[in-house]
Amino acid sequence: MSKYTIGHYSYQPQTKCELHRLDQGPPTQALLTREQGLKYYRTMQTMRRMELKADQLYKQKIIRGFCHLYDGQEACAVGIEAGINPSDHLITAYRAHGYTYTRGVSVKEILAELTGRRGGVAKGKGGSMHMYAKHFYGGNGIVGAQVPLGAGLALACQYKGNNEVCVTLYGDGAANQGQIFESFNMAALWKLPCIFICENNKYGMGTSVERASASTDYFKRGDFIPGLKVDGMDVLTVREATKFAADYCRSGKGPILMELETYRYHGHSMSDPGVSYRTREEIQEVRSKSDPISMLKDRMISNNMASLEEIKEIDVEIRKEIEEAAQFATSDPEPPLEELCNHIFYNEPPMEVRGTNPWSKLKSIS
């Protein structure tokens, strides 16, 4: 047995969670096993490589339209997934590729959806912002609109009495939306098992949080809802905070609000170069000091939980997987024209709209 098979180590986060209306927060120590560490590393690195491949395919004009990349924020998705059960529910905004992957969809299906191919997770008709899986409700293109839906999912959990929770995510750019505060109010009134999570990546499109919000303490913005502020670049801190929040909701106390302080390396979307409102030096500083993947890798190597060679082997395997997925995403056929109107109605007779119906034969004139 090699020296790298040490079972686990106890980790103390660099920053403690800030609390709002809570007497006690998540534990200040986390246990990481070797198996967990390697799993989290592989998942985060796969997400990173997948997003970089999407960037490349977009610049080659193979991916078109809206495309919001998640690189830099991987610890949020992986930490949240590690803190809840697969049967729990999750809904997010349009920066959804990472969550689609952690909820069980393959890289191949995600990239094929981005290229609009038949083998995509939504059969090539959803694109970047509209991907779904079991207990994953997208991918929503309207700013903040997923938050009331998430509260509704939590109401369904409560109604069914199945001890499940709903993780409802939104960004700092959506944090001033009126519908979010309406959702907070109903969730608190009805004690819904909803974990509201603000992924604060410091910029809503090209506007910094300081220029957009009179209060940037997003974890306190629920007012009557307890909240906690978490280091969103540390996968273990996110995991422990999510476990704490899920336990709080399952105990019947109602909703809780989490703010994950994180950072995106790309611009808001692929149409945003991302350096007109922040400096390259700022981005580089975050990469060098707080990168979620590098921090986990360094931690595992320094605690003899994995060797550098082992990590490099995983990287090679991931690169191969991404290349194969990209090959599929660029060679799989597009959905045929007769598929265009499928999956709109469920078991309904044809209805005429402007002289046509979903089952009429369509012809391309291009």
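Residues numbered from 1 in each chain as written. Predicted model: local features only at pLDDT ≥ 70, side-chain atom pairs only at ≥ 80, totals over all residues. Heavy atoms only, no water.

Under the annotation held in an unreviewed UniProt entry, the chain carries the name Pyruvate dehydrogenase E1 component subunit alpha and is attributed to Pygocentrus nattereri. In UniProt, the chain has this text filed under Catalytic activity (unreviewed entry): "N(6)-[(R)-lipoyl]-L-lysyl-[protein] + pyruvate + H(+) = N(6)-[(R)-S(8)-acetyldihydrolipoyl]-L-lysyl-[protein] + CO2". According to its UniProt record, the chain has this under Function (unreviewed entry): "The pyruvate dehydrogenase complex catalyzes the overall conversion of pyruvate to acetyl-CoA and CO(2), and thereby links the glycolytic pathway to the tricarboxylic cycle." (UniProt positions renumbered as here; feature names shortened; annotations may be inferred.)

## Observations concerning the pattern of salt bridges
Close approach of charged atoms allows side chains of opposite charge to pair. For the coordinates displayed, the defined rule picks out 16 salt bridges. Here Glu317 ties to Arg42 by a salt bridge, and the two come within 2.8 Å at their closest N and O atoms. Of the two residues, Glu317 is situated in helix 11 (residues 308–331) and Arg42 in helix 1 (residues 34–59); the sequence distance between them amounts to 275 residues. The partly exposed category is assigned to Glu317, whose relative accessible area is 42%. Residues Glu323 and Lys53 are paired through a salt bridge, measuring 2.9 Å at the closest nitrogen-oxygen approach. (Salt bridge = Lys/Arg side-chain N within 4 Å of Asp/Glu carboxyl O. Helix = DSSP H or I, 4+ residues; strand = E, 2+ residues; numbered from the N terminus. Buried < 20%, exposed > 50% of the residue type's maximum accessible area, 1.4 Å probe, protein only.)

## Concerning the nonpolar core
Of all hydrophobic cores here, the largest spans 67 residues; its most connected members are Ile80, Tyr99, Leu111, Ile195, Ile256 and Met258. The element best represented in this core is helix 8 (residues 235–250), accounting for nine residues. Contact partners of Ile80, with chain neighbours within four places excluded, come to Ala75, Leu90, Tyr99, Val167, Leu169, Ile197, Val238, Thr242 and Leu260. With 20 residues, the next largest nonpolar core counts Ile91, Val147, Cys166 and Ala174 among its residues. (Core = buried A, V, L, I, M, F, W, Y, C linked by side-chain atoms within 4.5 Å. Contact = heavy atoms within 4.5 Å.)

## Considering the UniProt feature "domain: Dehydrogenase E1 component" (unreviewed entry) in the chain
Cross-referencing UniProt, the feature "domain: Dehydrogenase E1 component" (unreviewed entry) maps to residues 42–337 in the present numbering. Taken end to end, residues 42–337 is 46% helix and 10% strand, and its first and last C-alpha atoms sit 38 Å apart.

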